[in-house]
Amino acid sequence: MKALFRGYLNSSLILRISIALVLGIAVGLIGGQPVADWLAPFGELLLRLLKFLIVPIVLFTLMVGINQANIGSMGTGRSQTDAVLHCIFCTGDYCWVSRCNLA
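On a predicted model such as this, the values are computed, not experimentally measured, just so you know.

Asks: Just checking my understanding: could you explain helix 2 (residues 13-68) for this structure?
Replies: An α-helical segment advances 3.6 residues per turn. Residues three or four places apart therefore align on the same side. End to end, helix 2 covers just 33 Å across 56 residues, shorter than the expected 82 Å (1.5 Å per residue, more than 12% under). Of all bends in helix 2, the biggest is about 120 degrees, found at Gly 32, and the proline Pro 34 comes one to four residues later.

So, in C-alpha cells, the structure goes:
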C-alpha cells in the first residue's frame, strides 16, 4: 500500500488528475444520490474556500500592478485611479449579476 501511494505521489500531475476524475466518476455512478448527498458539504466547503481566496488574490494583484505601473511619471495618479475604479466597477457588476442570477 505504501509503495502504491509513493508511486502516486511521484507521478505527473496530469496522471493524478486523470485518476481523480476516473475515481470520482466511478464513485458517482456506483454510489448514486446517497453518496452525492453525503459528499455535498465537502463540495460546498471547497467552493467557499475558493471564493474566500479569490478576493485577496485579485486585490493584491491589482495593488502590485498599480504599484509597478508608470513609476516616476506624472500621470500615475490618474492611471492608478482609473485602474482602481475599473476593478471596483467590474467586481460590483459581477456581484450584481451573480446575485440576480442573470448569467
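Asks: Teacher, can you tell me more about the confidence of the model for the chain here?
Replies: If pLDDT is low for a region, its predicted coordinates should not be looked at in detail. Scored by pLDDT, the chain comes out at a mean of 78, with 76% of its residues at no less than 70. Averaged pLDDT values over the elements of the chain bottom out at 65 in helix 3 (residues 76-99) and peak at 86 in helix 2.

Asks: Sorry, what's going on with the packing of aromatic side chains here?
Replies: Centre distance and the angle of the planes are the two values used to describe a pair of aromatic rings. Summed over all chains, the structure comprises 1 aromatic pair. Positioned above the aromatic ring of Tyr 8 is the side chain of Arg 16, whose terminal nitrogen or guanidinium carbon lies 5.6 Å from the ring centre.

Asks: Any chance you could explain the side chain of Ser 11 here in plain terms?
Replies: By the element assignment, Ser 11 lies in the loop between helix 1 (2-10) and helix 2. Ser 11 gets classed as buried once you look at its relative accessible area, which sits at 18%.

Asks: It is not clear to me how the pattern of salt bridges should be interpreted in this structure. Could you clarify?
Replies: Pairs can form between side chains of opposite charge whenever their charged atoms are close. What the rule picks out here adds up to 1 salt bridge. A salt bridge links Arg 48 to Glu 44; its shortest N-O distance comes to 3.1 Å. With Arg 48 and Glu 44 both in helix 2 and 4 residues apart, the pair spans about one turn of that helix. A relative accessible area of 39% places Glu 44 in the partly exposed class.

Calculation rules
Residues numbered from 1 in each chain as written. Predicted model: local features only at pLDDT ≥ 70, side-chain atom pairs only at ≥ 80, totals over all residues. Heavy atoms only, no water. Helix = DSSP H or I, 4+ residues; strand = E, 2+ residues; numbered from the N terminus. Expected span 1.5 Å × (residues − 1). Bend = angle between axes of the 7 residues up to and from the residue. pLDDT = per-residue confidence, 0-100. Phe/Tyr/Trp six-rings, centres within 6.5 Å; stacked < 30°, edge-to-face > 60°. Lys NZ or Arg CZ within 6 Å of the ring centre and 35° of its normal. Buried < 20%, exposed > 50% of the residue type's maximum accessible area, 1.4 Å probe, protein only. Salt bridge = Lys/Arg side-chain N within 4 Å of Asp/Glu carboxyl O.

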